[in-house]
Amino acid sequence: VGIVLAVLDRHEDALKSYERAVALKPDHAEAFNNRGNTLRALKRTEDALASFERAIAARLDYAEAINNRGNALVELGRCEEALASYEQALERQPDYADAIINRGKCLISLKRSDEALASFDRALKLQPRNAAALKERGHLLRDRKQPAEALMSLDQALALDPDNAETHAGRALVLLDHKRFDE
């Protein structure tokens with residue numbers, strides 16, 4: 001029920017559902033993970049972090065909860081710890097594309113662009129049609145002053161997800177940087 005309520009943006013109701021679930025089964029890793037996601041949606045990031053920790057304690061190999069802990073840590077401005085969390089998720093599930101992409105975004109924040117690019121490329125080897133990886137790769141390549149490659153990645157991302165405003169904005173910035181105003 002909590003998942004449906006969260007999808008409907010009824011996060012307070014979803015939280016109540018997850019609270020009932022973990023009261024009935026205190027080691028329910030998935031309920032704690034979903035509770036954490038709901039708490040993040042409610043901007044209660046510290047509480048979300050604690051919920052992800054409970055999910056991980058209940059199931060040590062739970063890569064999704066470990067990845068989500070990393071996302072909460074990023075929101076709290078603790079990128080070094082988040083990076084360690086993403087690495088931990090990838091130790092458990094090496095082909096986890098979301099964790100690879102999140103790792104790349106975190107590496108950008110840490111000014112480690114070569115490693116970030118390698119992360120996005122790794123995600124794309126696993127999922128060549130991953131619009132999020134292509135978008136992030138395009139933004140990074142723009143920052144690295146590689147406009148042709150940036151446009152190629154952003155165009156591929158838009159072909160997969162034509163309504164993504166961030167990708168359109170990134171593409172426009174590349175064109176603006178190179179005085180291609182008509183485009």
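For the structure itself, consult the block above.
Residues numbered from 1 in each chain as written. Predicted model: local features only at pLDDT ≥ 70, side-chain atom pairs only at ≥ 80, totals over all residues. Heavy atoms only, no water.

**Q** Could you give an account of the environment of Gln146, with specific residues and numbers?
**A** When you line up the elements, Gln146 lands in the loop between α9 (131–143) and α10 (147–160). Judged by its relative accessible area of 22%, Gln146 falls in the partly exposed class. The sequence separation of Gln146 and Val174 amounts to 28 residues, and the corresponding C-alpha distance is 9.1 Å. (Helix = DSSP H or I, 4+ residues; strand = E, 2+ residues; numbered from the N terminus. Buried < 20%, exposed > 50% of the residue type's maximum accessible area, 1.4 Å probe, protein only.)

**Q** Can you explain the side chain of Ser153? Please cite residues and give values.
**A** Tracing the backbone through its elements, the reader meets Ser153 in helix α10. Owing to a relative accessible area of 1%, Ser153 belongs among the buried residues under this scheme. Not counting residues within four places of it along the chain, the set of residues in contact with Ser153 comprises Leu134, Arg137, Gly138 and Leu141. (Contact = heavy atoms within 4.5 Å.)

**Q** Give me the lowdown on helix α8 (residues 113–126), citing residues and values where you can.
**A** Note that an α-helix has 3.6 residues per turn; residues three or four places apart therefore point the same way. Spanning 14 residues, α8 covers 20 Å between terminal C-alpha atoms, matching the ideal 20 Å at 1.5 Å per step. Buried within α8 are the following residues: Ala116, Leu117, Ser119, Phe120, Ala123 and Leu124. Burial along α8 is one-sided: seen end-on, the buried residues are contained in an arc of 155°. Turned more than 90 degrees off the buried face of α8, the exposed positions are Asp114 and Lys125. Contacts from the buried residues of α8 go to α7 (97–109) and α9. (Expected span 1.5 Å × (residues − 1). Arc of directions from axis to C-beta.)

**Q** Outline unusual backbone geometry, listing residues and values.
**A** Note: most peptide bonds trans; most residues except glycine with negative phi. At Lys43, a position not held by glycine, the phi torsion is positive, near 65°. Tracing the backbone through its elements, the reader meets Lys43 in the loop between α3 (29–41) and α4 (45–58). Using a relative accessible area of 70% as the deciding quantity, one classes Lys43 as exposed. You will see that Lys145, though not glycine, has its phi angle at about 60°, which is positive. Among the residues examined, Lys145 registers a relative accessible area of 69% and is labelled exposed.

**Q** How would you summarise the packing of aromatic side chains if you had to cite specific residues and measurements?
**A** Under the criterion given, the structure shown has zero aromatic pairs. When the ring centre of Tyr62 is taken as origin, the NZ or CZ atom of Arg59, which lies over that ring, is 4.0 Å away. (Phe/Tyr/Trp six-rings, centres within 6.5 Å; stacked < 30°, edge-to-face > 60°. Lys NZ or Arg CZ within 6 Å of the ring centre and 35° of its normal.)

**Q** Can you break down the state of the cysteines residue by residue, with the values?
**A** This model, assessed by the stated rule, comprises one disulfide. Shown here is the disulfide that connects Cys79 with Cys106, its sulfur atoms set 2.3 Å apart. Residue Cys79 is located in helix α6 (residues 79–92), and its partner Cys106 is located in helix α7; the two are separated by 27 residues in the primary sequence. Take Cys79: its relative accessible area is 13%, and that puts it in the buried class. (Disulfide = S-S within 2.5 Å.)

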